[in-house]
Each structure stands twice: as C-alpha cells, then as structure tokens.
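Chain and residue survey
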Amino acid sequence: MTSRRRNLFVILLMAGLLLVSGIIIAAKPVRLGLDLKGGIELVYQAQPTADSQVTPEAVDRSVDVIRDRVDQLGVAEPEIQRIGNDQISVGLPGVKDLNRAKRIIGSTAQLYMYDFAANVAPPRLEPGANSTTKEQTRPYSGATGLYKAVQAAHKQKPVVDKNNTTPCLTPKTPEKCNQFYLFDRAKKLLSGPDVSREDLLSQFSGRMPKGAEIITVPIGTIVVQSETPADAPEGFQSGYYVLKDNPEIKGTQVTDPKPGTDATTNTPNVSFSFKSGGAGTFHDVTRRLAQRARTDLVPGQQVVPQTFAIVLDRKIESRASIDPNQYPDGIDGRTGAQITGLNFQEAQDLATVLKTGALPVNLKAISQVQVSASLGKQALDQGLTAGIVGLIFVVLFLLAFYRLLGAIAVLALVVYGVLFLALIKLIPITLTLPGIAGLILTVGVAADANIVIFERVKEELRAGRSTLAALATGYSRGIRTIIDANVVTLITAFILFVLATAGVKGFAFTLMVGTIVSFLTAVLFTQAVLGTMGRSRWLRSPAMLGAGERHLTWRFDFMGRSRFFFAMSGMILMIGSIALATEGLNFGIDFESGTRVTASLDKPASIEQVRDEIEPLGLDDAKIQQAENRQLGPNVVQISTEELGPEGVKELQDSLDRGFGVKIEGFSSESVGPTFGRTVARSAIYAIMFSLLLIMGYVALRFSGKFAVPVVIALLHDLLITTGVYALVDRPVSTATVAALLTILGYSLYDTVIVFDRVRENEPRMPRAAFSQIVNRSMSEVLTRTLVTGLSTIFPVIGLLIFGGETLQDFAFALLVGILSGAYSSIFIASPVLTESKEREPANVQRRRRIIDEFGYVPAYATVTTGGVPHAPAISAPATAPEPGGVATAIEPEVVVEEAEEVEEAEEMKEIEEIAGVTEPTPAPAARSQSKEAQRKRRSKRQQRRRKHGRSR
C-alpha cells in the first residue's frame, strides 16, 4: 500500500469512527457516579462468624447476595465490587436514606426463632404463668437498657459441650466466639458487638478510649433488642433482652418469604414456608408452647398465649402468639407461617432480605459517603467548567506556537474528544469526579504527543530539510519517545486501577483509555493529514509551521552547574523534611477515621451558634468551618468530627434542622473508619512502590540499567518535594492526592525520557565527545520541547485548580507541584546523575582524558555536524583555559567532532522515508542547483572551522 493510499485509508477510518461515535453519543446517556449524581457509597469489611471464616468464596457470595438485594430494591446502575481480599464497596446512585440502605445491605439476615419464655434470662415468667395477681395486671417487664442487659449477659455461664469445652474455642483464638461491647463513661455504646477486642478497638486506632469499659458476653448468650410496637410514639426506645442462644429454627430452614397483608385485619405481614425439616420442627415447638400455656393456666384467668420470638440480626422482629385454644395441638408448619407487627416498608424490606438469603459472613461498615443531588450536580458543573477552560488554554497555545501544525493538532484533539466520549458511553465507564480529572489530564497527554513530534519536525526544518523529509524524520524519531512516555503512564494508571479505592479507579481507567485513544489520534491521524497535505504550498513555509528563525537558543553548561542545582534541591528537601518532622502531613479522613458533614442551612448561623447546637451530642471538639458554595447558598457549614455511625449522622442532621433548618438537597456526609484508612494507606504505599519498580524495570529494558537509577532518583525527588510542599502549606492529603502523586511519576518520567532519548541518539553521533558534552548538547536541543510539554499539561491543571471543586482543587494542586518539580528534576537532577554514572565507564574516561590533554580541561559543548549542517550553535572560545581555581574571563573553546559523511546521512534519510511512507518528489533543475550551492557553502564553512583549530584534513 502506497503512502497516499494509507493516509487516505486512515482519514476515512477516522471519519467512519466519528460517524459511529456521533450515533453512540446521541443514543446512549453518560453513566454518572454517585459523587456527580448524588447517592450513597458504603464500604464493608467481611468478618468471620461462629460458623464460617472469611474466604474469597465467602466474600464473592456476599457480593452476589448484596447485588440481589440492591436489584430488588430497584436501585438504578448500582456499583458493587470487591476491594482486596475482605472488603466490598457498594455505590447506590440516587439513594437518599442512608439508614435504610445500610440496614438492608449490611444485614447478615441471620433469622432465628426462639421459645421466648424458655430462653429469656435471667429467668422471668410470662404474665399469667404461675404468677400473682400483681404480675397478671402489668406487661412483661424483662426488657431493660442495653448497658444493663449486657451486664446481665456477662454474668451468664459459657455454654460447654460434653468435654467441658466451648464448641468454637481454639488455643490460637481463645475469644473467637465471645462477644465484646465497648461503653463510654456515660454507659453509651461506642462499639460492638464484635468477635474480638482488636475489632472492637479498631474504631479507635487500637487504643481504649478514656473512661470506657469493655464488657464480655460469653458464648451461648446473646443480647437482642425488643420489638417496636406498631403504635409506638416518635422517639420510642426499645429495650433489650438477654436470651440463651438456643434457637429452635434457623433462617436456612425458611423459604419463599413474601410481603402481604392479613385478610382479616388488613395489617402488613411476611409469610413464608419451611424446608429441611423446618415444618416438623415448627409444629413440635408450637405444640409444646400450646401445652405449656394450658398447663400454666391459673383457674379463673384467661389463657395467655405463649410467644415465639422471631429474631433477625439481634432484633426481635415479632413475638408470634400461639393461642392454645385455637391451636391446642400447635400449628402445622406444612402450611407455612407469618410474621406480623410490621409496617408496609418493614414488611417489604424484611421479605427482600430473607428472599436473597443470609450473608455467609458478617459485614462491618468501615466507610460511608452520602452525597446530595445538588452537591453532585455542582461537582459535575465544576468539573466540566474546568475541562472546557483547560481545553481552551491548550488550543490557544497550540495555535500560537505551532501555527498550521497547531491547527492540525487541535483537529486531532477534537477527534480524540469525540472518540473518547463515545467510548465512555459505550463501555460504559461510570464517570466520577476523579474520572473527570483523568479526562482533563488526557487532553494534556494528547497535546504532549503532538508537541514531541512537532518540535522534532521544526528541528529538521531548521536544519535544512524539506517539509516532507522533516515530517518523516519527526514522526519516525518522535514516536519512540511517545511510546516510552505512554507506556509509563499506562503502568501507573494500571497500578492505580488495581490497588486504589472505587473513586480513584474511575480516574485510573479513564486515564488508561484516554492515553490509548490519544496515541491513535495524535500519531496516526495527524500523520495521515499532514502526509495528505505534504505537497501543498501551506506546508512549504517554515513560518506557517512555527519553524521560522530561532529567536531563543540554550547555551548553558547544565552539567558544569550540576552541583549548584544539587545543593538547591537539597535545601528544598531539607525545608520539606523539617516541615514533615515538625508539622507532619494533614491527612484527611480517607486516612484518619472520622466523619465530615456538609449542610446547607436555611438561616444564617455563626460557628459558635452551630457549636452550641451540636454540643449536647458530645461533639464539642468538632471542627466547624463556613464554606462558600454558590449553588447551595450562603449558609453552608462543614463539620468534621470523630467517626459517627448512620444514627449519629442522623442525630446531627436533626439537631441542625431544629436549630437552623437544613435543606434536604443540601446535606452530605462522609464517614471513614480506621480500618478503611489503614487499607487506603497500605494501598497507596504499595502503589508507589510497585510503580517505581515497574518504571525502573521498563527504563532499564528500554535504555540500560544505568539509565534506570537516575530515573528513580528523580522520581523520588519529585515525590519528596511534593509531600514537603503539602506539609508546608498544610493542605489535606486524600486519596485524590495519592492518585496525583502516582500521576506525577508518569509526567515526571515523560520529560526525563525526552532528554534520555536524545542522549541515546547523540551518543553514536558524537564518538569523540565527553559524556557531559553529549548531555549538554542533548539538553540544549530538547529543553524547549521539555518546557512546552510541561506547559501543555499545566494549562488543564490550572483549569482544575481555578474552577474545580474541593476534590479537584486538591488533585490539581498536587499535580501542579509535581509537574513543576518533574520538569526541574528531569533537567537538573536525572541528567547530572546519569552523567556522574556514565563518565566512570572506561570508554568515557579515555575520551575525557584525551580532551583534557588537548585543551587542558573539558569544554561545555562539542559541535555536531550532519552533512555540514550544525545541529546546535557552537560556543566561540579563547585559546587558553582558566587557571585551576581561577575564574575564566572568556567563553570556552569548542571541540569539533565530525559525525557521518553525507552519503551515510542520505542512506539514513532514505530508510526513514521508506518507514514513514514519504517519498520526496524529484526536484526541478533550479531546485537541484540551489541545493548544490547550499551544500557547497556549508562545506566551505566547515573547512574554515577545521583550519581555525588546526585539524583540517
């Protein structure tokens, strides 16, 4: 296939993809995550039960059960996924009731039926059962407060088997089957029940809170909450009972639960059938209850039905009555049974939980996020605004700097944006706030790819190449750098996707897809367009391509001044280390446990007024600040405190609503437990370590082992500077910050690869130069490109920093610091470290000695010629070098190093043109004569330089 046909095929292919993408964009909606749509996200940690351990199979089964429950609740597009070995993330876009969601999803659905009178402890009698007249006239009074009930349960003896051992105790886990409760000094439950002291205190970083106490309930005894009467007034507090853990029927014997209504009373109920011998057991138990009721009957008194307690997850859902007059022989379980005493919503939820089955393990909520729809819409608007502004900046910069080439790059960005949006809808990718950040950053990635090639094209044009030859060389040599940089970006994005939490996964996946798409549009599409336009008069003008006369040339001894830059970096790192040691990092609640609430109030309120309102809840140490939020109004407060459960968040919301009024769509909360924080921190450390190892391995494979060490040093330099700046400015560190730090690795290496790639290219072309001279010349040739690629990335980041919301601004700040540090380290850290290492090689040592013998010292630059055309301007020099310890009074001499002959260069260009699919047209006679005249002048200038230094042939 000829180059013309190939270019035409690529353009037609892109046109077809654009057409298909337009249809997809018009037909499919964008799937928004809960941080943009509003909703609830819950993260659970699996814990063992007395009957099962936490295994991958048990966690996978739990995910399936949760998905069934969520599907039956009618939640649209839920996001349910496993995190690591023992955690499950559940995202519920559009859901508003946090308490109900947590109750349904996290309920283990362990249903048990107890003979209540026979198992309640301490032993108490039902009214009318061998009781006095006084006992007959008042309801059963066994229920008490939770603290007293747990104290009573603590006094019970553990259940032992015939060998006088507790059934599930082992030497390694002696407390596995006990239950532990943690109360504060006010006898209020802080945590529990848990299966170990470690789990109980995990909410408090493993330390016992001041004034708190732990009460142990031995195996064989449980504390259950009493049922709530249907006519209970608002604020009714149910009591607690102590039961012997001796159930008659288990939930595994219940089947086909259905919500319904009683035909006689029209009250809600849940009907179900039995399996696995449950029908016969149910009949035996109800017959025993009926017989006991008749035996305990007091003469002259009415028969009091015995109760059959139905307990679901430590709460009595119903105490079914067994009337001995109506059922003297018990109830035939073959016809099923009913649970009554529920309202319609409770009946529906209970049937859903029973129908989907019991979770094989206990689930403990370690993180919960509630985002209102208004805040989600605001975050979406902020993200889109930041993206549009960043895109406008990049477009204007490309047009101003590259003229016609910039216009083609902008066209490629438009194609990239359409294809990327279509993929987001087609896959589909759930678009989250970090995902929008990844989308915006890929705009910079796409622009960087074009800049790498266009800068190379401009170099070749200034070196005297024709337009087609410059394009062929630019794409042939620039694509290697682009591949290296994109591979590193994909490595860091993949590690983020594997190890990060749900929100950052969206960023990582978006970054991966965007990087791949940008490579196709920035390389294949632009090359096809330029190849098609190659013979047009527009491309014949260097000025139209931004390759006019060079007004800025870099003439700096980068390697000679390396000690100064090392010292400056050391000073910056020392200041950052002092800040880290004294102030430390301000970890957000992603790493430290706690709860953060954002509320939009109806009435103005000062910080002191808000504190006075929530102080009765025990939140007098809460951090309160007023927040600016134009969409939610002027009266927005943010409250950060220790971790609160759903009930605590609800109490806080109710308290604010009573005092100032809270807008329903203006309330959001985020709670993170220490367990989740430790998981996030561990994942962040692993992600950074694995990224560094993989990047070092790739660079060693792509270049050599000695190139890998400077890369890692430069990356660590960037990470340390970024963390030091965070400590200095006291900005909060969140999961978004970790994502930014890992992204910095890719962008920092992008600049470093640009420099190293040119060093590798110049080494064989400068066989007589010292390595420091090779690096200096490489730096002078690519410094503009390095700075321009950094600028193209900074523009979208500035858009995020100015117009993004809180999360995007934190992300953008870390990126901004990292990009600036990355550009600096690529030039002044990685290259000098590489030079120090390479100059110890025997070949480079000999070169250096030869140059010192000839000139007395090593000049900063060596001239490289390609067919008589200088690649970089040489520095004029005096005949003498400065005395040791003295100061030079003039510019150093240059060492002339000849590269290849014109025949070799012609063969190289022919090979490049064949690879790139570009063929030069046959020049006209006038053009040939002009070319020969230019070559003659170049040869004459080269001979003059040789005679000047006494080295002419």
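Below is a summary of the structure that appears in this document. The shown structure was predicted, so the numbers you read here are calculated from the model rather than taken from an experiment.

Okay, the overall build of the chain next. In terms of regular secondary structure, the chain is built from 26 helices and 26 strands. Out of the 953 residues belonging to the chain, those deemed buried represent 51%. Contacts in the chain between residues far apart in sequence, at least 24 positions, make up 77% of those at least 6 positions apart.

So, on to the sheet that holds strand 6 (residues 179-183). One open sheet accounts for 3 strands, arranged 7-6-8; its pairing is antiparallel. Every interior strand has two partners, whereas the edge strands, strand 7 (189-194) and strand 8 (213-217), have only one. Sheet twist, expressed as the average angle between the axes of neighbouring strands with direction ignored, equals 15°. Across 5 bridges, the pairing between strand 6 and strand 8 is antiparallel. Among the inter-strand pairings, Q179 is bridged to a residue of strand 8, identified as V217.

Now for the pattern of salt bridges. Opposite charge on two side chains lets them pair, provided their charged atoms get close. Using the criterion set out here, one finds 30 salt bridges in the structure. Note that D115 and R292 form a salt bridge whose closest N and O atoms lie 2.8 Å from each other. Placement of D115 in strand 4 (residues 111-115) and of R292 in helix 9 (residues 278-295) is noted, with a sequence separation of 177 residues between them. A salt bridge links R765 to E761, with the shortest nitrogen-to-oxygen separation between them at 3.3 Å. Of the two residues, R765 and E761, both sit in the buried class.

As for its placement among the helices and strands, K315 is situated in strand 15 (residues 315-322). K315 gets classed as partly exposed once you look at its relative accessible area, which sits at 27%. With 204 residues separating them in the primary sequence, K315 and L111 have C-alpha atoms 9.6 Å apart. Leaving out residues up to four positions away in the same chain, K315 has contacts with Q225, S226, T228 and I310.

What follows concerns the packing of helix 13 (residues 433-462) against helix 14 (residues 467-499). Relative to each other, helix 13 and helix 14 sit at 140°, their axes nearing to 8 Å. By the angle between their axes, helix 13 is oblique relative to helix 14. The handedness of the crossing between helix 13 and helix 14 comes out as right-handed. Taken together, the residues of helix 14 that come into contact with helix 13 (itself represented by V445, A449, V452, I453, F454, R456, V457, E460 and L461) are T467, A470, L471, T473, G474, Y475, R477, G478, T481, I482 and N486. Of the residues contributing to the contact of helix 13 with helix 14, the split by class is 11 nonpolar, 6 polar and 3 charged.

What counts, and at which threshold
Residues numbered from 1 in each chain as written. Predicted model: local features only at pLDDT ≥ 70, side-chain atom pairs only at ≥ 80, totals over all residues. Heavy atoms only, no water. Helix = DSSP H or I, 4+ residues; strand = E, 2+ residues; numbered from the N terminus. Buried < 20%, exposed > 50% of the residue type's maximum accessible area, 1.4 Å probe, protein only. Contact = heavy atoms within 4.5 Å. Pairing = 2+ DSSP bridges. Axes fitted to C-alpha atoms, helices over the stretch in contact; angles between N-to-C directions. Salt bridge = Lys/Arg side-chain N within 4 Å of Asp/Glu carboxyl O. Parallel < 35°, antiparallel > 145°, perpendicular 65-115°, else oblique. Left-handed = near helix turned anticlockwise from the far one by under 90°. Nonpolar A, V, L, I, M, F, W, Y, C, P; charged D, E, K, R; others polar.

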